[in-house]
Each structure stands twice: as C-alpha cells, then as structure tokens.
Amino acid sequence: MYAQMVKTDAKRVKRPEEMSEQERAFQARIDRGEKIEPKDWMPEDYRRTLIRQIGQHAHSEIVGQLPEGNWITRAPSLQRKAILLAKVQDEAGHGLYLYSAAETLGISRDELIAMLHSGRMKYSSIFNYPTLTWADIGAVGWLVDGAAIMNQVPLCRASYGPYSRAMVRICKEESFHQRQGFEILLVLSKGSAAQRRMCQDAIDRWWWPSVMMFGPNDEASPHSAQSMQWKIKRFSNDDLRQRFIDVCAEQVKLLGMRLPDRELKWNEERQHYDHGPIDWSEFYNVINGNGPCNKERLAVRVQAHEEGAWVREAALAHVEKKRRRYA
C-alpha cells in the first residue's frame, strides 16, 4: 500500500459495550468476513478513514508515474522503452480505479485532487526521491513495487468491497512491475564493472526509503489498531516490514549484490533477519515536505492538471451535446 500514517478519527478502539447497536452489528459483519458495500450503513469514522487511505493510495499511483516517466525517452532499448511505457500506463490506471473506489464513499475526484494540490492530502514519501540512473528504474521496480505488493496483497481481503476488488487487478499488474525491475538489475549485475557499480549504487540509495514505506514502527502508529479491527488494514507495519526484509535479503543474493545494512543477519531463534536501526528523522523530513523532490513532484502534478483542463472541458461538452441530441 502506498498510504502512510493514515489517521482515524477514533481516539481508541471501542469495546463492544461502548458501541451503539448499529456499530456492533457493523463490526459483527466485518468479523464474519462480509464485505461492506457503498449503500450499507457504516460508521462515519470508517468512511473518513477509507477516504484518507484510498485517496492517498490513488494520489501515490498518479504521482508515482513521474520518477519513471522521466526515463521513458532515455530507456536503453526499444523493448525497455515499451515495457516502461506500459508500466507507467498501468500506474495511471491504478490511480483511476482507486479514485473511482473513493467516489463510492461520497467524495468527488475533484475534491480529492484539490486536497492533494493544496497539501491537505499526501502521497507516499517514496516518490520524493530522484531516479538518477537507469538502474534506479530497476530498484524502483524491485524494491518500491516489491514493498507495495507486500502491503497491497492483504488489501485484496479488505473489508470495503470496492477497494478490495480494485486491489485484485492492481496486485496482478504490480507483480509484473516487480519482476521487470528485478530483471533490469539482474542484467546489470551480469554486465560490466560500471554496470555492476550502478546496480549497487541504486540499491544503496533505494533500500532504506523502501523499508520506510511501511510507515512508522507499531508503537508510533496509534491509528493502526482501529484500521485493523475494521479490517481496512490486515497486518501491522512491523510485520509487513519484516516480511519484506526477509524476502529481499534472499533475493539480493541472486544479484550478487548486498543490502546497505551492516547489521543485517539471519536470526535462527526468530527465524527472521535482524536489521539495523531505521533513520526515522529522514522519513518525517520527507513526509513534512522537505525531501529531495517534494516541491518538484507537486508542481509538475499541478501544472499537468491545469494544462489538461481543456481536455476535461471538451469531454464534458461532448457528453452534454450527446445528452441534448438524444433527450
């Protein structure tokens, strides 16, 4: 999932005796594994939490096109260009699926976009880092999309029907993105000394930001408990982060590269990899708008929206013309 630090309006998880009769019936449906649909009754806090999460997820898919779109014209071959173009188109489609899911909760796409442009709604911190070399496109695919898949596959079982159904197709396409990223790095890892250095450099720069994608440690995530009770979120930040580290620590061996963590080692007792401390000051710095590309990313997004206004206006005019013709 590309949503981070999603707040709920609930100050704490309610006990059953503190819930209204409607709330208890709603929670019972979720506990039975039933899907909540747009016309069903839902607590206002549940609706607002979903709007924040799905909205931030949609914005991340749209803004996430920018770091990779920067390399479409510079890809090293026609085949690489076509693959990258298809991937960027997929990300645009993911954003549209998610905006549509959010609209079922009673908020318009225009409202969501206005919230992004004004800074009232964020996108994932990972897209505020630059893609400096072709190897970065591989690292984004392997690490960033790999972290996203780790987060998003459980969302296929999220309690809100439109969100979970959108995630099924998104996850299928994201799995392709992750594989193509790893394949880019695999080719570079078998290339010249300069290509291998480029590969390692990209891994070094993208590793820790990717690890931070799962959000703060559990003790610093007070809103997770409520989201997990509602089954909007299925696993804790630390559980998903550990799974991601365990997978990547093995996959990097196939590349003949290393992850930039001197404390990374297998813990036989825990049956997991131990890892070094995470620099959360960097995470919060980027979240608060001070990352390498925050201002650039938002400026480009706003500019694209403004310059595309005539297309939206023309489409609406065409619909109105057809409506009048057949009225």
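Everything numeric in this text was worked out from a predicted model, so none of it was measured.

## Focus on the packing of helix α2 (residues 44-63) against helix α7 (residues 161-189)
Okay, so step 1: Between α2 and α7, the shortest axis-to-axis distance is 13 Å and the interhelical angle comes to 25°. In terms of their interaxial angle, α2 and α7 are classed as roughly parallel. Two packed elements cross with a definite hand, and for α2 against α7 that hand is left-handed. Taking contact as the criterion, the partners of L50, Q53, I54, H57 and E61 in α2 are, on α7, Y163, M167, I170 and E174.

## Side note on the environment of V311
Okay, so step 1: Summarising the element assignment, V311 is placed in helix α13 (residues 309-325).
Okay, so step 2: Between the C-alpha atoms of V311 and I51, which are 260 residues apart in sequence, the distance is 26 Å.

## Side note on the nonpolar core
Okay, so step 1: Judged by nonpolar contacts, the single largest core of 50 residues is most densely connected at W134, W142, I203, W206, W207, F244 and L259.
Okay, so step 2: Of all the secondary-structure elements, those providing two or more residues to this core are α4 (78-103), α6 (134-152), α7, α8 (193-212), α10 (237-255) and α11 (280-290).
Okay, so step 3: Top element by residues in this core is α6. It accounts for 10 residues.

## Quick word on the pattern of salt bridges
Okay, so step 1: Within this structure, the stated rule accounts for 23 salt bridges.
Okay, so step 2: With a closest N to O distance of 2.6 Å, E320 and R323 form a salt bridge. Linking E320 with R323, this pair stays in helix α13, spanning three residues, or about one helical turn.
Okay, so step 3: Members of the salt-bridge network, linked through shared partners, are R29, R32, E34 and D40.

## Here's the deal with α11
Okay, so step 1: Those residues of α11 that sit buried are W280, F283, V286 and I287. Relative to the axis of α11, the buried residues are bounded by an arc of 125° and lie together on one face. Every exposed residue of α11 that faces more than 90 degrees away from the buried side is listed here: S281 and N288.
Okay, so step 2: Tucked inside the fold, the buried residues of α11 contact α8, α10 and α12 (294-307).

Conventions and cut-offs
Residues numbered from 1 in each chain as written. Predicted model: local features only at pLDDT ≥ 70, side-chain atom pairs only at ≥ 80, totals over all residues. Heavy atoms only, no water. Axes fitted to C-alpha atoms, helices over the stretch in contact; angles between N-to-C directions. Helix = DSSP H or I, 4+ residues; strand = E, 2+ residues; numbered from the N terminus. Parallel < 35°, antiparallel > 145°, perpendicular 65-115°, else oblique. Left-handed = near helix turned anticlockwise from the far one by under 90°. Contact = heavy atoms within 4.5 Å. Core = buried A, V, L, I, M, F, W, Y, C linked by side-chain atoms within 4.5 Å. Buried < 20%, exposed > 50% of the residue type's maximum accessible area, 1.4 Å probe, protein only. Salt bridge = Lys/Arg side-chain N within 4 Å of Asp/Glu carboxyl O. Arc of directions from axis to C-beta.

Take it as geometry only, folks, not as evidence of what the structure does.
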